[in-house]
Amino acid sequence: MADRSLRGIRLGAQSLQSEEGVVFMERRATTYKCDTCGHETTLMFSADAEPPQTWECRNCGADALLQVDGNSVKLEENDEKAARTHWDMLLERRTREELEELLADRLAYVRARRGAGDDPTRERIGA
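Calculation rules
- Residues numbered from 1 in each chain as written.
- Predicted model: local features only at pLDDT ≥ 70, side-chain atom pairs only at ≥ 80, totals over all residues.
- Heavy atoms only, no water.
- Helix = DSSP H or I, 4+ residues; strand = E, 2+ residues; numbered from the N terminus.
- Areas by Shrake-Rupley, 256 points an atom, 1.4 Å probe, with all protein chains shown as cover.
- Pairing = 2+ DSSP bridges.
- Axes fitted to C-alpha atoms, helices over the stretch in contact; angles between N-to-C directions.
- Parallel < 35°, antiparallel > 145°, perpendicular 65-115°, else oblique.
- Contact = heavy atoms within 4.5 Å.
- Nonpolar A, V, L, I, M, F, W, Y, C, P; charged D, E, K, R; others polar.
- Core = buried A, V, L, I, M, F, W, Y, C linked by side-chain atoms within 4.5 Å.
- Buried < 20%, exposed > 50% of the residue type's maximum accessible area, 1.4 Å probe, protein only.
- Salt bridge = Lys/Arg side-chain N within 4 Å of Asp/Glu carboxyl O.

A. The overall build of the chain, seen in detail. Scanning the chain from terminus to terminus reveals 3 helices and 5 strands. Ordered by position from the N terminus, the helices and strands of the chain form the series β-β-β-β-β-α-α-α. Just so you have it, the chain exposes about 11,600 Å², and 48% of that area is on carbon and sulfur atoms.

Right, dumping it as structure tokens:
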């Protein structure tokens, strides 16, 4: 076993694996051009992958547009839904009139617990 030791090798500096039998995926160069600063960025993508239409410019941070045959592509508008807020979801379940009624009932309950009743002067003072 001593004759098989790894003496003299720099661990981590060299790979013990060979590249025999490894088939690399076909790749293609994709170019993005920034309209703000004019910087061009070239990235490698898999040949069967669809590259994104925009890429962040490394110089100025603006959106660089994908170049196809030397021309910028026209951005496609996605039909993605806008993010719904809690208020939007609440309005899907109840009408505004129902919400006003529930609010009035809940305020009356809270005021009764505090002993405020329907005294308008206490409401203005904030007690």
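B. Here's a closer look at the pairing of strand E2 (residues 40-46). Of the pairings in the sheet, the one linking strand E1 (residues 27-34) to E2 comprises 7 bridges and is antiparallel in character. Opposite tyrosine 32, over in E2, you have threonine 41 as the bridge partner. The antiparallel pairing of E1 with E2 creates a hairpin that spans 5 residues between the two strands, and glycine 38 there sits at a positive phi of about 80 degrees.

C. Spatial organisation of the packing of helix H1 (residues 86-93) against helix H2 (residues 96-114). Packing of H1 against H2 brings their axes to within 8 Å, and their N-to-C directions diverge by 100 degrees. Judged on the interaxial angle alone, H2 and H1 are roughly perpendicular. Between H1 and H2, the contacting residues are Trp87, Leu90, Leu91 and Arg93 on the first element and Arg96, Glu98 and Leu99 on the second. For the contact of H1 with H2, the residue count by class is 4 nonpolar, no polar and 3 charged.

D. A look at the nonpolar core. Core analysis: the largest hydrophobic core is formed by 7 residues, namely Tyr32, Cys34, Leu43, Phe45, Cys57, Ala64 and Leu66. Contributions of two or more residues to this core are made by E1, E2 and strand E4 (63-68). Non-local contacts of leucine 66, meaning those with residues more than four positions away in its chain, are made with Thr30, Thr31, Tyr32, Pro51, Pro52, Gln53, Asn71, Ser72 and Val73.

E. Structural context of the pattern of salt bridges. Under the defined criterion, the tally for this structure stands at 1 salt bridge. Here arginine 84 and glutamate 92 are joined by a salt bridge, their closest N and O atoms 2.9 Å apart.

F. Fine view of the pairing of E4. The sheet contact formed by E1 and E4 spans 4 bridges and is antiparallel. Bridging from a neighbouring strand, cysteine 34 pairs with alanine 64 of E4. Where strand E3 (residues 54-56) and E4 come together, 3 bridges link them in antiparallel fashion. Looking across to E4, one finds that glutamate 56 is bridged to aspartate 63. In textbook terms, the turn of a hairpin is the stretch between consecutive antiparallel strands, and for E3 and E4 this stretch comprises 6 residues, one of which, glycine 61, has a positive phi near 85 degrees.

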